[in-house]
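Now for the letters of each chain:
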Amino acid sequence: MSLSIRPAAAADVATILRFIRELAAYEREPDAVETTEPMLHAALFGATPAAEAIVAERDGVPIGFALFFHTYSTWTGRRGLWLEDLYVTPEARGSGAGGKLLAALAALALDRDCARFEWSVLDWNTPAIDFYRAKGALPQDEWTTQRVTGAALRALAGRG
C-alpha cells in the first residue's frame, strides 16, 4: 500500500466535491452543500483562487482531501493557515491518511511562515476531537464563532 499526498489538480474537482458531499452527510447536513463543480473549480483554480486543496491517495486512488486558505493575524503580523475541510473516506480511516494530510498542511504553514494553523471541529465529533488532540491541537474555548447569513447578512449590509 502506497499512501501519498499531492496538491489538487483541476481534474480532481469532481472527486473533491463528492468528498465534500460525503463530509456534509457525516456532519448531519447532507442537503447543505450548495457548491457546484464550476464554483469549486473557480475557487481552487480560477484567476483569483479563494482556497487550495491537497489530496490523499492510496495506490493512486483518492481517499481524502484537505481544503485550506490563508488568514491574517494583526497580532502576529503574519499569515495563518485555516483548514476548512479535512475528509478521509470511511474505508480509509485508520490508514494514516488524515495524519499525513495534517502533517502536509503543518509543513506548508511553516514553509509559508504562517504563525498559526487552525480549524474548527463540531463539538459532538469525538473521534475527530480525539484525533486532533493526539496531534497536539488545543481547543480555543474562549472564542466562539459568529456567523451572519441570508436575510441577516442583507440587513447588516443595509440591503434587506
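Structure: above.
Summary of the structure given here. (Residues numbered from 1 in each chain as written. Predicted model: local features only at pLDDT ≥ 70, side-chain atom pairs only at ≥ 80, totals over all residues. Heavy atoms only, no water.)

**Side note on the sheet that holds strand β3 (residues 61-73)**
- As summarised here, the arrangement of the five strands in space is β1-β2-β3-β4-β5, forming an open sheet in which the pairing is mixed. In this open sheet, the two strands that pair with only one neighbour each are β1 (3-7) and β5 (116-119). Between one strand and the next, the sheet's axes are offset by a mean angle of 30 degrees, whatever the strand orientation.
- Of the pairings in the sheet, the one linking strand β4 (residues 78-88) to β5 comprises four bridges and is parallel in character. Its bridge partner lying in β5, Leu 81 is registered against Phe 117.
- Across the sheet, helix α3 (residues 97-111) touches β1, β2 (52-58), β3, β4 and β5, and the angle it forms with β4 is around 165 degrees. (Pairing = 2+ DSSP bridges. Helix = DSSP H or I, 4+ residues; strand = E, 2+ residues; numbered from the N terminus. Axes fitted to C-alpha atoms, helices over the stretch in contact; angles between N-to-C directions. Contact = heavy atoms within 4.5 Å.)

**Remarks on unusual backbone geometry**
- In this model, Asp 59 sits at a positive phi of 55 degrees, which is unusual for a non-glycine residue.
- Within the secondary structure, Asp 59 is located in the loop between β2 and β3.
- Exposure remark for Asp 59: the relative accessible area of 52% places this residue in the exposed category.
- Positive phi, close to 60 degrees, is recorded for Asp 113, a residue that is not glycine.
- In this structure, Asp 113 sits in the loop between α3 and β5.
- Judged by its relative accessible area of 46%, Asp 113 is partly exposed. (Buried < 20%, exposed > 50% of the residue type's maximum accessible area, 1.4 Å probe, protein only.)

**Digging into the packing of aromatic side chains**
- For the structure on display, the rule yields six aromatic pairs.
- Measuring from centroid to centroid gives 5.6 Å for Phe 131 and Tyr 132, while their planes differ by 55 degrees, and the two rings are tilted.
- The rings of Phe 117, Trp 119, Phe 131 and Tyr 132 are connected pair by pair, giving a single aromatic cluster.
- A cation over a ring is seen here: Arg 28 above Trp 124, with NZ or CZ 3.6 Å from the ring centre.
- The ring centre of Tyr 26 lies 5.3 Å from the NZ or CZ of Arg 93, which sits over that ring. (Phe/Tyr/Trp six-rings, centres within 6.5 Å; stacked < 30°, edge-to-face > 60°. Lys NZ or Arg CZ within 6 Å of the ring centre and 35° of its normal.)

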